[in-house]
Structures are given as structure tokens and as C-alpha cells.
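Secondary and tertiary structure notes
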Amino acid sequence: MNTTNLLTVTLLASLFCACGDNVPPPEPVMPVPTPEQVAWQKMENYAFVHFGLNTFNDLEWGYGDTPAETFNPTNLDCEQWVRVIKAAGLKGVILTAKHHDGFCLWPTKTVDYNISKSPYKDGKGDMVRELSDACKKHGLKFGLYLSPWDRHNAEYGREGYQKVYHEQINELISNYGPLFEFWFDGANGGNGWYGGANETRSIDPKSYYGYEKAREMIKAKHPDAMIFGGTVPDIRWIGNESGWAGETNWSPYSYDREAKYNQAQWGMKDGDKWLPGECDVSIRPGWFYHHREDHQVRTVPNLVDLYYRSVGHNANFLLNFPVALSGQIHPTDSARAVEWYHTIQAELKDNLLAGVKPKASDTRGSNYKAVNVTDDSWDSYWATPDGVTTGTLTFPLPAGTQLNRVMIQEYIPLGQRVCAFAIEVEKEGVWSPVETSDTLSTVGYKRIVRFKTTQADALRISFTEAKGPLCINNVEAFLAPPLLEQPAIVRNAKNEVRIAVESEGAEIRYTTDGTEPTISSTSYTEPFVLAGKGTVKAVSCDVASGKVGPVATRRFDLPASDYRVVDPKDEKAALMFDGNGYTTYYLPDGKRAVTIELSAPHTISGFIYTPNQGRDAQGHIANYRLLIDGKEVASGEFSNIKNNPIEQEIRFTPVKGKKIVLQATRVVDEMKHVGIAEFSVITED
Ligand code: FUL
């Protein structure tokens, strides 16, 4: 080093000592994320697309024998998908290159059951190519879902399949450019076509698929890609397909430890691996497109709520678009998604803490000052000295500032630390906690707390328990405008209709004649009786501004009083008709069927079965038979009911009858009693 350089270094060092105090950063609290995991977490929101043979055959889980010729989109446009996804603020998209039916959306050399055997582009199509090209063109990240379970492949369950599966991975990772995520879903084994064998095959997912080798292959070509599922993942499934993470949500997790089925929703405080949560959910009830769900697209308030309960709960949000038969995202879905994005942008637009200088109870040194939480840098953070694991940040505000959201972020490269915190506001010299139903426990990458709009002269966040010195890199606060929720409409066992809404200060208007409710429709003040068939539509409204929210529609068929359970004779059976999906009738030990008699014969064209809507409920019917007056009118599978326990609507050729038998031919957890939360028939007269 020459003298000038030496002088410069000495000068710089003395300058650093004069303005900084050279205190080292806190020791990391293990486990910590890799830089790739941090980059992935910063994506926050991205899209899923479920598209394939199921789309054209109105299925959720193809059996493996659906003809390849039925894959025939007439107006396929991957650029339309990408435009919608980008306009909805989503940062990437994951495509179902192969779902459980085994049909490959690219012209794989591994199996014949692929897009080249379909009429699409006369067998010259390649969906993986089309979507990856569109993503490159529009600057969107691209990922792939390759179902390990393959209901088509004759070798599935035997030795030969692993080679095929790995070769499919090899094709996908070699030919379509950078991938940000590779998805192995968890559905495994069971019945299927399997090359014509039509049987049930079970495997041990831990050893059967060779996930360790698959990981090596993927990482060798795509070091940044996050692997979802399998035995050696980088991220974890959040434990439900409803799109939310627990309020307490630790990114650390341990898969090799005994855990409750739903533990993934909360993570593990003492988990030994950094496995951040990903919340997957579909914008419609099903993952694949079904025309009958066109009116069931999630509303904007519902999607906004999910954003707060996923990204705002320290997880990423994976929003699925079931692309329609035309080969495009349905206009309702795209409009909702784009409006959802704009609503969130509007809710979190004006940061009330921007440029505010907070006061900290304690500071590690001049490089870790409290002001780092309101600057624009993600990498600067407020930290407390070693040994200090509690502390407060107080933000002065212009007197009477109104607010209802607080966002907090921890500097996760050093691990997740906060275990408990409190949010208080000062009004005329008095401090009080904000009104929220949230448990204020973990923070992690991002925590957003919603609370009742309050006035404040100052805001205080108290961290009351942490796993090490505090490292907070960002705090923001907002006043989100009121959002009018869609009301919930239910009819109980006494045929009484109740309408409820959660929006702060909102009123409800409704109609029963099929017309769209407006601000001048009947005001809902108390339950009313609907003793026959009918449609109730309701909205919440803000009387002051005259604004109304999204319309909720419920079509009610026969009322509860028209059903009588004749076998088993059990008072509790009435729970099937009480309009409450959380109260469930569990059949007595060994019983697999209920017999119901209608008060009069009707022309019946379908039925609706609702499994228990409670968290982690069991006893869902997986396969069913329905008999009317002794004749079987329908039988089949409620695909994916374990992970996505939504209302199941089954249609059949209309039959006139009175006596109905619903039989469970398979239950998700065979050891459990058969559970029916709600049951109703669809009548045509
Ligand atoms: C699950 C599958 O069984 C569903 O069909 C869907 O693909 C969902 C995202 O993952 O495991």
C-alpha cells in the first residue's frame, strides 16, 4: 500500500470513529434466511395458474384417463394472463405444468400424455414456453408446479416412475429460462387410472420421489429458485388452502419434529430451519375453472382481508387464477384482482410516520438509531444493546391524527426475534391500547395490524419479549379508508334469515325479489322468516357517502322445516340444516349413511354437501353415493376436500322423489366419524 492510500484509510477510519461508535451489529438469532429466501420474501404477492385437462372437463382432480383431445383452448393468450397478473401488482406466476391427472402442458419426451396429442395448435403447442416467453417479455418472474402424484402413469407407485419424474424436472429446468419457484404439491397416492389398472396405489412420499436428488438438479440450474414441498424445501405450505397465516407466525420450522397438523399456520418459535410460510388460495372456490363458480369469485374486501392475513402475517401470498376454457383469465377474476391491488395501494398510501423522528427507550449506538425505522432504507435498522430484549419506539404525531393500520418489519437477515408487542396511542396525555382483535405476538419480515380508527397525538410500540436484541428496520402507519364488506347471509333451522357484516359503522340493505339492492332498499334490522324457496341479496353501505359494497347473493332452496331425518333417529341430525357450516352432525359409530325424507316429492337435480368449516375439522366425505327413492342418481369423489373443504355442489339428471340417502363410501380420515355440516337438495319445481 503506498503512503497516499495508507493516509486515506487512516483518515476514513478516524472519520468513522468520530461519527459512528463502531458497535458491531447484534449476533444473529438462528436460524437465519439465505439471501435467496430474503429476496423471495420481498416478492410478497405472486400468482398461480391452474390450467389443463381439468379445465375442459369440469374437474378438480382428473382421474388420469381424461382424453388428451379435450384440451382445446380456442383463444389462448398467455400475454393476457401476464397483463392481468402485472396489473394486479403480482410479481410472478407459477404454472401447473402437470397436475395429478398426469397431463403435461409441454411436449415432453417422457410420456405421450401431453399437449402434443391435443388439437391445440395442431399438436405444436407448448404452454410452458408460451407463458415463460410472455413473462420474460413483460418482466414477470416464472415458476412451475409439477405434481409428483400422477394418476395416468402406469409406473406410478412402482420403481420406474421416479426416473420419469426426474426427467420431467430435467426438461422443465433446462428449457424455459430462470425459475423463481418450483412447486411439489403434497397430494399423494390413492386411486387412479394408472395405465388402465384402475386401482389404489400408495407410496411413501419421503422416499419415493427422490426429492433430495430433485433439489440438487433444480438448484444446480436455478440457485435462486425456492423449492416448495417435498422433503428438502426452502419454504413451507401454510397448512391451509384458504390464503392465511396465523397472527403468530414464526418463519423458523422443523419438519423432523412431531407437530400438530395445523402447526405450519403458526411456524415454530424454536424451529431449527428458516422455512417462511406461503399462503396459497384460489380467487374462486376451486383451483380449476368451473362455469358454475362464475358468481363465486372472491370479493375485493375478502381479498384485501387475505392480504392482511398473509403478507401482513409474515408470509407470502400466492393467488390462483383458474384460467377459463377460452384460455384467458375470466373478466370477473381480472377485474377483482386489479381492484384488490388498487384498494391495498389506497389503504397503505400515505405513511403517517414518513420522516417522523421516533424516540427509542434504548439504542445500540449511532449506527442503529431509532430514526432508521422511518428512513427509506431496508438495510438500516434500530437495534438495542446486547442483553436488552425489550424496548419502546414512540412516534410524535400532529395532534388528533387519525389512524387504523400499523406496519412493522424486523431485519430478518439477523433472524426473527419479536415474541410479543403492544400498540398504544396517546390522546391528551393519556396512553391507551388500540382496539384490535389481533394477537400481537410475532413480527418477522412484515406484520400489519388493523385496528379501530383512533385519534392519536403520538403512537407507541412496546416490544415486550424478544429472542435477542431488537432489530426493527421499518415502521409505518396509515389511515385506510372504510371498506364495505360483503354481508354474510344465513338461514337457520327456524327458517330465519340473518344478515351480518363486519365493516365499521356500515348499515345493511337487502332484497328478496332478485333485484340488486341499493341504498334505498329495505334496511336490515332484525332476522326475518323465509319459509320457502327464495333469493336474498344484500349489501353493506355507508349512509353518509351513499356508497354500497359488493352484493352478496344467497339462493335458498327448500327450508329446514321440509327435511326430516329418518335414519339415524338422532336429534343432533338437525345440525345438517341449521345454515351454520361450523356446527356439524357426526354420524354415530360405524354409520356411513343418512336417510332423509322431504315433506313432499320434488324434482331434484342436485345436492350440496358442506363439510365442517371449522379449522382442522375431520370426517369429511371424500367419496359419495346419492340415492333417491332407492335408485342411485350420483356417485363420485369430492376432489381435494381435505385441503380445500369448500361447499360441494353435485348436479345430475333431474329425478322426482322424496326419500334421499347420502352415503359416504370413503372418508378423508377413515378413522373418524362421517361429518355433515350442511346438506341440501337442489330442486327444479
Ligand atoms: C393441492 C392440489 O391437490 C390441488 O388440486 C391444487 O393444485 C393445490 C394448489 O394443491 O395439493
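Everything in this summary refers to the structure shown in the same document. (Residues numbered from 1 in each chain as written. Predicted model: local features only at pLDDT ≥ 70, side-chain atom pairs only at ≥ 80, totals over all residues. Heavy atoms only, no water.)

Helix and strand counts for the protein come out as 10 helices and 35 strands. Against the 2.2 N^0.38 benchmark of 26 Å for 685 residues, the protein shows a C-alpha radius of gyration of 28 Å, consistent with a compact globule. Each principal axis of the C-alpha distribution contributes one length, and for the protein these read about 95 × 65 × 50 Å. Relative to its full complement of 685 residues, the protein shows a buried share of 55%. Long-range contacts, defined as pairs at least 24 residues apart, comprise 74% of the intrachain contacts of the protein with a sequence gap of at least 6. On the protein, the mean spot of the 70 positive side-chain charges and the mean spot of the 86 negative ones are 1 Å from each other. (Helix = DSSP H or I, 4+ residues; strand = E, 2+ residues; numbered from the N terminus. Rg over C-alpha atoms; globule rule 2.2 N^0.38 Å. Buried < 20%, exposed > 50% of the residue type's maximum accessible area, 1.4 Å probe, protein only. Contact = heavy atoms within 4.5 Å. Lys, Arg positive; Asp, Glu negative; His and termini not counted. Charge placed at Lys NZ, Arg CZ, Asp CG, Glu CD.)

Our next topic: the pattern of salt bridges. In total, this model carries 30 salt bridges according to the counting rule given. In this structure, the salt-bridge partner of aspartate 305 is arginine 309, at a minimum N-O distance of 3.1 Å. Placement of both aspartate 305 and arginine 309 in helix α9 (residues 300-310) is noted, with a separation of 4 residues, approximately one turn of the helix. Judged by its relative accessible area of 23%, arginine 309 is partly exposed. In this structure, the salt-bridge partner of glutamate 597 is arginine 564, at a minimum N-O distance of 3.1 Å. One end of the pair, glutamate 597, is in strand β30 (residues 593-610); the other, arginine 564, is in strand β28 (residues 563-567), and 33 residues separate them in sequence. Among the residues examined, arginine 564 registers a relative accessible area of 48% and is labelled partly exposed. A single network of salt bridges, built from pairs that share partners, joins Arg215, Lys219 and Asp234. (Salt bridge = Lys/Arg side-chain N within 4 Å of Asp/Glu carboxyl O.)

Moving on: α9. Burial of α9 is extensive: 8 of the 11 residues sit out of reach of the surface. Within the span of α9, buried status applies to Val300, Pro301, Leu303, Val304, Leu306, Tyr307, Tyr308 and Ser310. Those residues of α9 that are buried lie in contact with β1 (45-50), β11 (277-282), β12 (315-322), α10 (331-347), β15 (391-410) and β18 (447-466).

The full count for this structure, using the stated rule, is 1 cavity of 30 Å³ or more. Its volume calculated, the largest cavity comes out at about 40 Å³. Looking at the largest cavity, the residues that line it are Phe51, Gly52, Leu53, Thr96, Lys98, His99, Asp101, Phe103, Leu105 and Phe288. Taken together, the residues of the lining of the largest cavity break down into 5 nonpolar, 3 polar and 2 charged. (1 Å grid on protein atoms, 1.4 Å probe; cavity = no way out; pocket = protein on both sides within 12 Å on 5 of 7 lines; lining within 4 Å. Points joined across faces, edges and corners; volume = space filled by probe spheres on them. Nonpolar A, V, L, I, M, F, W, Y, C, P; charged D, E, K, R; others polar.)

Counting 85 residues, the largest nonpolar core has Trp81 and Met127 as its most contacted members. Built from parts of two domains, this core gets at least three residues from each of domain 1 (35-347) and domain 2 (350-478). Among residues more than four places away in sequence, those in contact with methionine 127 are Phe51, Phe71, Leu76, Cys78, Trp81, Leu95, Leu105, Ile115 and Tyr120. Of all hydrophobic cores here, the second largest spans 32 residues; its members include Met576, Ile604, Ile621 and Ala634. (Core = buried A, V, L, I, M, F, W, Y, C linked by side-chain atoms within 4.5 Å. Domains from an automatic or database assignment.)

Inspection of the secondary structure puts serine 605 in strand β30. Polar side-chain contacts of serine 605 include one of 2.5 Å to the side chain of glutamate 684. (Polar contact = N/O pair within 3.5 Å; in protein donor to acceptor, adjacent residues only side chain to side chain.)

This next bit is on the sheet that holds strand β4 (residues 181-183). With parallel pairing, the 8 strands of this open sheet are ordered in space as β7-β4-β3-β2-β1-β12-β11-β8. In the strand order of this sheet, the two ends are held by β7 (226-228) and β8 (236-237), each with one partner. As paired elements, β1 and β12 share 6 bridges and run parallel to each other. Its bridge partner lying in β12, alanine 47 is registered against leucine 319. (Pairing = 2+ DSSP bridges.)

The values are spatial; any link to function lies outside them.
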